[in-house]
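Listed below are the residues making up each chain.
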Amino acid sequence: MKKILITGANGLLGQKLVSLLSKQQDVSLIATAKGVCRFSLPDNVAYRTLDITNADACSDLFNEFQPDALIHAAAMTQVDACEDEREMCDLINITGVSNLIKAIGNRNTHFVHISTDFIYEGDEEEYFEDSKVNPLSYYGSSKWKSEQLFEQVSFPYSILRTVLVYGVLQDLSRSNIVLWAKSALEKGEKINVVDDQYRCPTLAEDLACACLQVIQENATGVYHVSGKDFLSILDLVFEIADYWGLDKSLINSISTDGLNQKARRPLKTNLNLSKAKQGFNYQPKSFREGLKLLDEQIKKMEEEGIGRPSTYATILEGLKAK
């Protein structure tokens, strides 16, 4: 029985990890997050409150559970907020990782760390794991600094760089590009969408599977883990509109400069997935396949939410795009 500890269990990836890992017969799972558990916890999963910025709390938890593996899904990922709140960004994205590394100490715990395509400048046609790093935003810089913390560790680790993660949950507290665009277009709202930024949108379930696979296969080092399709954000939103039969005339094309985002974003982050495919047989879904899965999940939630306030429409109300 392998003991796996998850940070950030209340988030999108965290909850997908709990769902996936709780079904594994050879896994004993400890889910953690800063606050109380915000979702229905499987009976075979333990939950503990953990503030990763508290070094003593991290150490105490590791001493108690002695995990064989750690999947670190907690982070400050709001790119513009990181630009404004730099101390908080550093505390969560750098100090938090450092605290977890120190908590592992001389144990042989396999550390799975989630990083980002935003460490790249975005001026290359394709990025490999050893491509030049040059983050444009404070968020990207903080994640790159967190990666560098692993250079001197003695325990096994895997760094998974991912891109524009999307998915749906019953109790989602933050939106993502798919849910934002779908919700706005369903309401008949006009939306501005950038046409010069290109990404490989990543289904949360695919990223969760990759986290489990690297542990099962003892695949260590740095890997690119994203979706298989490389799309402009504009084409991505058009795909969303096409899939659900929504009005594409509401979509207004705009350049990155015209969007006036506080933090700079890389224009193109096409991650090469060859290493992950060879290393642990990573096989991501296409964007269309991802939308199909979301559609099925949303319909199921709508059916289960009949007569209750926690319907899909209520969940989405007030959510803002990342």
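Attention in this report is confined to the structure presented alongside it. (Residues numbered from 1 in each chain as written. Predicted model: local features only at pLDDT ≥ 70, side-chain atom pairs only at ≥ 80, totals over all residues. Heavy atoms only, no water.)

Counting secondary structure elements, the protein chain contains twelve helices and 13 strands. The C-alpha atoms of the protein chain give a radius of gyration of 19 Å, which matches the 20 Å a tight globule of 322 residues would have. Dimensions along the principal axes, computed over C-alpha positions, put the protein chain at roughly 60 × 50 × 40 Å. Counting the 322 residues in the protein chain, one finds 53% classified as buried. Long-range contacts, defined here as pairs at least 24 residues apart, represent 79% of the contacts in the protein chain between residues at least 6 apart. On the protein chain, roughly 14,500 Å² of surface is accessible, and the fraction owed to carbon and sulfur atoms is 45%. Charged side chains in the protein chain number 35 positive and 44 negative. The centres of these two groups are separated by 2 Å. (Helix = DSSP H or I, 4+ residues; strand = E, 2+ residues; numbered from the N terminus. Rg over C-alpha atoms; globule rule 2.2 N^0.38 Å. Buried < 20%, exposed > 50% of the residue type's maximum accessible area, 1.4 Å probe, protein only. Contact = heavy atoms within 4.5 Å. Areas by Shrake-Rupley, 256 points an atom, 1.4 Å probe, with all protein chains shown as cover. Lys, Arg positive; Asp, Glu negative; His and termini not counted. Charge placed at Lys NZ, Arg CZ, Asp CG, Glu CD.)

Of the residues making up helix H2 (residues 55-65), those classed as buried are Cys58, Leu61, Phe62 and Phe65. Buried residues of H2, seen end-on, are gathered within an arc of 95 degrees and therefore sit on one face of the element. For H2, the exposed residues set more than 90 degrees away from the buried face come down to Asp56 and Asp60. Looking at the packing, one finds that the buried side of H2 touches strand S1 (2-7), strand S2 (27-33), strand S3 (45-49), strand S4 (69-72) and helix H4 (86-104). Regarding H2, its N-cap is Asn54, as a side-chain oxygen of that residue lies 3.1 Å from the backbone nitrogen of Asp56 further along. Taken from the residues just after H2, Gln66 is the one with a positive phi, measuring 50 degrees. (Arc of directions from axis to C-beta. Polar contact = N/O pair within 3.5 Å; in protein donor to acceptor, adjacent residues only side chain to side chain.)

Inspection of the entire model under this criterion finds 13 salt bridges. Among the ionic pairs, Asp84 bridges to Lys262, the shortest N-O distance being 3.7 Å. Pair noted here: Asp84 is in helix H3 (residues 79-84) and Lys262 is in the loop between helix H9 (256-259) and helix H10 (274-280), with a separation of 178 residues, a long-range link. Like Asp84, the residue Lys262 is exposed in the burial classification. (Salt bridge = Lys/Arg side-chain N within 4 Å of Asp/Glu carboxyl O.)

Scanning the entire structure with this criterion turns up ten aromatic pairs. Judged by centre distance (6.1 Å) and plane angle (70 degrees), the rings of Phe118 and Tyr139 are edge-to-face. Here the residue Phe118 occupies a position in the loop between strand S5 (110-116) and helix H5 (138-148), and Tyr139 occupies one in helix H5, the gap between them amounting to 21 residues. Taking 6.3 Å as the distance between ring centres and 50 degrees as the angle between the ring planes, the aromatic pair formed by Phe280 and Tyr282 counts as tilted. Taken together, the ring pairs in this structure connect Phe111, Phe150, Phe155 and Tyr157 into an aromatic cluster. Seen from the ring of Trp244, Lys182 lies directly overhead, with NZ or CZ sitting 5.1 Å from the centre. When the ring centre of Tyr223 is taken as reference, the NZ or CZ atom of Lys275 above it lies at 4.8 Å. (Phe/Tyr/Trp six-rings, centres within 6.5 Å; stacked < 30°, edge-to-face > 60°. Lys NZ or Arg CZ within 6 Å of the ring centre and 35° of its normal.)

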